Amino acid sequence: MAGAATGAVLPAPVQRGLAALAPSPSAVAAVVDASQREFGACRYEALARALPRRIALAQGLGDGGRPEQAANALAALYSTATRLCIKLGDDRLAAVTADRALTAALGGADALTVAEAHRMVSSAWRRQGHQARATDVAIAAARQLAADHTCDMTERLSVQGNLYATAAYTAAKQGDRHTAHALIAEAEATAGQLGHDARLRGSVFGPGQVLLHRISLSHPLGDAGRAVEYARLVDPAALPTAERRARYWIDVARAFDQWGRPERCYRALLAAERAAPQEVRRGAVRAMAAGLLRHDRALPGVRAFAHRTRALT
């Protein structure tokens, strides 16, 4: 860290003065938690405005002589930034923030933070079309974490399971049905050890989340009917965050769109909008909304919906 290097040559009184000006660990932990909660609530615009100053605050913690705590906080903030960039469709910036998350995490030397940063790197590679590399990164991180018995078991299982689920979705995007099903089975086994859905380190994992991932990966594999079957097993009202509820409805909409059921697709998109208005401005939703305009006479309000999603300007 730059602050640590500078501190080695500054007079002691100056070092003490810099430490006094640095933010407290509790203040930095609070902004990390706030960022993760804003993401879960789909308050993307507010989060985008707040992240730069929150990242600067975490950097200040390192200048105050707490380099490892600063590194872990920065990794968490950059991981949240990566997830935000993916939501906003900025894949180039997602690659940058994922790389910064991993660089910071390696400086903090916390195995769970490093594993979560690798998940962000995997997602960034997938978004750039490098599915095989993305799958390998997530699997390697999951296996490395599984061998680490120094972590809290609940947190380890949560992060490990999300890595397997991410790898499964990436394999599905590659059209590798066998690998996708094998990896989601690994995620399901991990969730079985966890026993319940838990929100840890800004992400949610558990048996219910595996079911959501099964819906998600059915779409790229062309299994719309199976996605709908899985969707019927989910109570969307019980999902823990607005982001998860909106993602559920968007995946249901994708399944009905793929199945050629425009009315059911539209109803699912409206449910996603009710759950999280900012979530339906994503590119995938805009594409579905634009397609639904062919049925505007049979779908009251669809043109207004397309305007709200910015499919029409």
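Note that this is a predicted model, so its numbers are computed, not measured.

Engineer: Looking at this structure, how should I read the confidence of the model for the chain?
Structural biologist: Low-pLDDT portions of the prediction should not be read for the details of their coordinates. Per-residue confidence for the chain averages 92 on the pLDDT scale, and 93% of its residues sit at or above 70. Between residues 1–8, whose pLDDT stays under 50, and residues either more than four places distant or in other chains, the model counts 6 contacts.

Engineer: Please explain the side chain of Q36 as it appears in this structure.
Structural biologist: Looking at where Q36 falls in the secondary structure, it is placed in helix α3 (residues 25–40). Contact partners of Q36, with chain neighbours within four places excluded, come to A76, T80, R199, R201 and G202.

Engineer: Looking at this model, I keep getting lost on helix α5 (residues 67–88). Mind explaining?
Structural biologist: Each α-helix turn comprises 3.6 residues. Residues three or four places apart therefore point the same way. Here α5 is 22 residues long and its end C-alpha atoms lie 31 Å apart, about the 32 Å a rise of 1.5 Å per residue gives. Within α5, 17 of the 22 residues are buried, which leaves it mostly tucked inside the rest of the structure. Backbone geometry just downstream of α5 places G89 in the positive-phi region, at approximately 75 degrees.

Engineer: What is the right way to read helix α14 (residues 262–275) from this model?
Structural biologist: In a regular helix each residue adds 1.5 Å, so 14 residues correspond to 20 Å; α14 covers 20 Å between its end C-alpha atoms and thus fits that length. Considered for burial, the residues of α14 that qualify are C265, Y266, A268, L269, A271, A272 and E273. At its buried positions, α14 is contacted by α13 (242–258), α15 (283–292) and α16 (302–308).

Engineer: Got a minute to help me understand the nonpolar core in this structure?
Structural biologist: Within the largest apolar cluster, 33 residues are counted, with the highest numbers of intra-cluster contacts made by L51, A58, L74 and L77. For this core, the leading source of residues is α5, giving 9 residues. If we skip the residues at most four places from it in the chain, L77 touches V31, V32, S35, L51, R54, I55 and A58.

The rules we used
Residues numbered from 1 in each chain as written. Predicted model: local features only at pLDDT ≥ 70, side-chain atom pairs only at ≥ 80, totals over all residues. Heavy atoms only, no water. pLDDT = per-residue confidence, 0-100. Contact = heavy atoms within 4.5 Å. Helix = DSSP H or I, 4+ residues; strand = E, 2+ residues; numbered from the N terminus. Expected span 1.5 Å × (residues − 1). Buried < 20%, exposed > 50% of the residue type's maximum accessible area, 1.4 Å probe, protein only. Core = buried A, V, L, I, M, F, W, Y, C linked by side-chain atoms within 4.5 Å.

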